[in-house]
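Summary of structural features
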Amino acid sequence: MTTSVASVQVKTSARKQKLWAWVVFVVGALYFLLPLAATFYWSLRAEKDKLGFEAYRRLFADVNFLPAFSESIVNALAAILLSLLLIVPTAYWVTLRLPKLRPVVEFITLLPFVIPAVVLVFGLIRLYSRPPLLLTATYDSSRVVLICVYAALSFPYVFRSVDNGLRAMDVRALTEAAQSLGANWFTILFRVIFPNLRVALLSGALLTFAIVIGELTIALFMAQHTLGPYMANLTRSKVYEPSAMAIVAFALTWMALGLIQLVGRGQQGQITGGH
Amino acid sequence: MNSSIGTDTRSNNKIVGGARRPSRFQIGPWLGVLPFFIFSAMFLIGPTLILGYRSLEGTDGALTLDNYRQLTSESVLSAYGMSIRISLTTAILGGLIGFLIAWAVSIGGLPRPFRSLTTTFSGVASNFAGVPLAAAYIFTLGRVGVVTALFKLLGVDLYRSGFSLYSFLGLTLVYLYFQIPLMVLVILPALDGLKREWREAAENLGATPNQYWRDIAFPVLTPSILGTMILLFGNAFGAHATAYALTGGLFNLATLLIGQQISGDVLHNPGLGYAVAMGMVVIMALSILVYSILQRRSERWLR
Amino acid sequence: MAYLILSNISKQFGDTYAVRDFNLEVQKGEFVSFLGPSGCGKTTTLRMVAGFESPTNGTITLDGVDITDKAPNQRNMGMIFQSYALFPNMTVTQNIAFGLRVRNMSKADVKERVREMVSLVNLEKHVDKYPFQLSGGQQQRVALARALAIRPGVLLLDEPLSALDAKIRVSLRAQIREIQKKLGITAIFVTHDQEEALSISDRIVVMYEGNVEQVGTPFDIYNFPKTHFVATFVGSLNTAAAEVLDPAKGLLRMDGVQFFTAAKMDGLTKGDKVRIAIRPERFSFASEVKKANIVDCVIENITFLGSVVRVHILIGNSKFTMDTFNYPSLELPKIGAREQVTCSKEAVLILGAAEG
Ligand SMILES: Nc1ncnc2c1ncn2[C@@H]1O[C@H](COP(=O)(O)OP(=O)(O)O)[C@@H](O)[C@H]1O
Ligand SMILES: [Mg+2]
């Protein structure tokens, strides 16, 4: 008699656990979907008495939107390229020839988590807004600094994903094999290492894109006309367009991260930060 | 394993014999990493050092700790206080809720697809910060937000009864939107690290599920949970964009205070501004340090 | 009545049977091994005994009580896992004490029992260490002490030695057996390693694809395998197709070579095709001893295996191997030489009708 009671208890406690899991999930889903649903609802209401995509039309028709958007995309792509050019050789050499430097490199790549963006831009302005290091004199030179800072902000993600990629493919064996076949290091890097790092490079790049594309703080204080400041301004000045913009931004982020999942099935190692 | 290359070349030289070359210093690798160091010095380290240096400069240009002493002045302390309060609250709440969600989709027994859905969504939501997030909340819980309107239909006027999106409570709700997903992402691997055999061994030795959670699962997870909460603390503490977009930069928060100081010397003392910024760096550095110590400890267990 | 009885146990996962109609009676104090290749259902059977899986069919009784539906934490069985499964947040002492603490044993008694267990597995020097500070063999000894501390009715071991180095595996195997005998505890030991099963068990259950192939003492299993699977899985074996010449005399013919066998040939008549099997170590050179069967062969190859020398020979057109002990005065024939080898009647096994 007692035996079957015990087993019934085990089964009901497993069922209870599952019930709680559902409760947690549903409540969580509500919390996360509600703001999106509300925003989407607003974005459809720009025209009186009917639902439609007027807000989106107006957003894309705004003379300032597309220039800001395209400038941000160019900035993001430039930052990604710069970051890869800096990180891949560094991670490669640190793995292969300079293991003593690893802790230093790891420490530096973590700095963007330690220095808040607003502090970083504060320091940049103080450092580069007067001679001898006058780098923020014109809009375009400031833009270059902005791109460089974005590249630096991407270090934690790009380094981690490249480092994981290098570990996964056994760089040493590949390098030695290539060397024994007479390849020089340039060939090794561009013909052997890069192609094998495709997934790592792509996911690092996409994550950087997601973080940089709508960045506000640094662009704002460096007076850049990019998407972040544009959106902040829009939120203050317009009624319906900001909702369309938020939905577009959410879709963009979703696309970038969805692509990461797609290219890097099973690959771990992304975290986030820096708001 | 890491250092074996050096010894390899040396032993090769010996075998080749004859002309004993001095161990040759290779310039290539150093040239390969040099751009990284120069770049980091220019865009990460330099800007921080200059703030550190200026924060030690008095009005007369001499080195002094005066600026740091003034951190206890009312205006600075209240901004730091609010930042710390919000960061602590969202770290603890975000940590607990994120843990529950991670539990539900892993151990809780929800069907497999819910888990990948949750991780993908968490990746998106933890990056969905700044202006779009602020905007989404304005449309939800702002004065004319959808939820505010729904409450009005039910006869509750949120803003009359003291709620405001532009307050401590409002900002907490907004921050949780990226804090909870971050917790989910970081804590899921730790939950996966709980081995099925531990539960079974405990059960086998006569323990109830509660005893298993109390004596094994929770103690094993504690370093990860605490560490991740500290990470969340830093994440909220350094956040600027979301609060700026929500409040126009006028809320009493450390990051917003620094922003105001950049635009115009609101503290009426540039040196104090630098000290406030450096204070933030110190707090962030401490939280990352404690995080990595705790993380290392839990990795040792969860190997 | 037997102490632990599994009757007609089956376990289905979806449509596939992991275990099918498993019957076994284990006496108190007996050491029984489940032996079989990976995926044959050993773990599943053990987990049903432990209570982690519930059988689709059948009953399990322990000491006369039906425990088929009892929760795992009510069964009082000690389980040992391949991965040790020590609690990482507890020291050796705390790990061993865990099962006693959840039983609300008094502090003094817990202390005394832990001391006893620690000395049983020779871990006195490591009582305050955490699992990650111990070697694999030490961890498994802690796990053993932890499982034994609760004075379990049955000790269940799921491939406990598979993750260890060869040397430690052998010494820990002996220790486990010694402790089991000393405490008189009933044990079920799962392994895929036939040597391990043969060396440690009172009885072996050989399993294949969810079915019990044969139950018997190590001696029986090795010398009198009942099925083709058991014969080939346990130890190495030469097999060949043969034809029955005279069932009464036990006479067979393989490739024109005649063999006498001691195996029963009930129901076989002249001309039937059968499969015969001879273990490599049952052959000797006819120059040294002479047994019932003496046959001609050609030496094809010779391999040194340490204590044993394996000689590949050709009898008729069939390849056989023979093992002989390696001693310094051993004189080995040349490759390609014609020799005579010999084996007894008992060495020639019949595995049932030859396929094809
Ligand atoms: N939880 C499960 N769900 C589905 N199939 C399982 C499960 N556990 C075991 N099996 C299947 O049952 C068979 C026997 O597994 P197992 O008992 O683990 O084998 P062994 O321990 O002998 O290697 C295998 O084919 C395995 O794939
Ligand atoms: Mg198994």
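All figures in this text were calculated on a predicted structure; none of them were measured in a lab.

All names here are of chain A. Given a rise of 1.5 Å per residue, 12 residues ought to cover 16 Å, and the 16 Å separating the end C-alpha atoms of helix α5 (residues 117-128) matches this to within 8%. Extensive coverage of α5 is indicated by the burial of 11 of its 12 residues. Burial in α5 covers these residues: V118, V119, L120, V121, F122, G123, L124, I125, R126, L127 and Y128.

Further remarks concern the packing of helix α3 (residues 65-96) of chain A against helix α8 (residues 171-180) of chain A. Residue and element names in this part refer to chain A. At their nearest, the axes of α3 and α8 sit 10 Å apart, and the two run at 95 degrees to each other. When the axis of α3 is compared with that of α8, the two are roughly perpendicular. Together, Y92, T95 and L96 of α3 and V171, R172 and T175 of α8 make up the contact between the two elements. Classifying every residue of the contact of α3 with α8 gives 3 nonpolar, 2 polar and 1 charged.

A few words on the sheet that holds strand β17 (residues 308-315) of chain C. Residue and element names in this part refer to chain C. On the basis of which strands lie adjacent, the open sheet formed by 5 strands has the order β15-β19-β16-β17-β18 and antiparallel pairing. Bordering the open sheet on either side are β15 (284-285) and β18 (318-325), each of which pairs with just one other strand. Inspection of the sheet shows β17 paired to β18 by 8 bridges, in the antiparallel sense. Its bridge partner being in β18, L314 is matched across the sheet by K319.

Moving on, we come to the pairing of strand β13 (residues 257-260) of chain C. Residues V257 and F259 of chain C line the buried face of β13 of chain C, whereas the alternating positions Q258 and F260 of chain C sit on a face that is not buried. Connecting strand β12 (residues 251-254) of chain C to the antiparallel partner β13 of chain C that follows it, the hairpin turn spans 2 residues, and D255 of chain C within it adopts a positive phi of roughly 50 degrees.

This part is about the site of ligand 1. Residue and element names in this part refer to chain C. For ligand 1, the full set of nearby residues is F13, A18, P37, S38, G39, C40, G41, K42, T43 and T44. Contact between ligand 1 and G41: an oxygen atom at 3.0 Å from a main-chain N or O atom of the residue. In this structure, an oxygen atom belonging to ligand 1 sits 2.5 Å away from a side-chain N or O atom of T44. Notes on ligand 1: free accessible area 570 Å², of which the protein chains cover 56%. Looking at which element gives the most residues to the shell around ligand 1, the answer is helix α1 (residues 42-50), with 3 residues. A class-by-class count of the residues in the shell around ligand 1 yields 4 nonpolar, 5 polar and 1 charged.

On to the sheet that holds strand β6 (residues 77-80) of chain C. Residue and element names in this part refer to chain C. Strand order across the open sheet formed by 6 strands is β6-β7-β8-β3-β9-β10, with mixed pairing between neighbours. A single partner strand is all that each edge strand has here, and the edge strands are β6 and β10 (211-216). Averaged over all pairs of adjacent strands, the angle between their axes in this sheet comes to 15 degrees, without regard to strand direction. Pairing between strand β3 (residues 31-35) and strand β9 (residues 203-208): 4 bridges, direction parallel.

What counts and what doesn't
- Note that residues are indexed from 1 along each chain, following the sequence as it is written.
- Chains carry letters and ligands carry numbers; both start at the beginning, A for chains and 1 for ligands, and go up in the order they are written.
- Residues qualify for local features only when their pLDDT is at least 70, as the model is predicted, and side-chain atom pairs are given and counted only at 80 or more; totals for whole chains, interfaces and linings, by contrast, use all residues.
- Hydrogens and water are ignored here; the side-chain numbers use all heavy atoms of the structure.
- Numbering of helices and strands runs from the N terminus; a helix is a DSSP stretch of H or I covering at least four residues, while a strand is a stretch of E covering at least two.
- Given the number of residues in a helix, its expected span is that number minus one, multiplied by 1.5 Å.
- Only protein chains enter the accessibility calculation, which uses a 1.4 Å probe; a residue is then buried when its area is under 20% of its type maximum, exposed when over 50%, and partly exposed in between.
- Lines fitted to the C-alpha atoms define the axes, with helices restricted to the stretch that makes contact. Angles between their N-to-C directions range from 0 to 180 degrees.
- Each angle gets one of four labels, with under 35 degrees taken as roughly parallel, over 145 as roughly antiparallel, 65 to 115 as roughly perpendicular, and the rest as oblique.
- Residue contacts are counted whenever heavy atoms from the two residues lie within 4.5 Å of one another.
- Residue classes follow a fixed rule: Ala, Val, Leu, Ile, Met, Phe, Trp, Tyr, Cys and Pro count as nonpolar, while Asp, Glu, Lys and Arg count as charged, and any other residue, Gly among them, counts as polar.
- Any two strands are treated as partners once DSSP identifies two or more bridges connecting them.
- Near residues are defined by distance, with any heavy atom within 4 Å of the molecule or strand qualifying the residue.
- Any pair of N or O atoms that falls within 3.5 Å is considered a polar contact. Within protein, one atom must be able to donate a hydrogen and the other to accept it, and sequence-neighbouring residues count only if both atoms are side-chain atoms.
- Note that accessible areas follow from Shrake-Rupley with a 1.4 Å probe, and for residues the cover is restricted to the protein chains shown.

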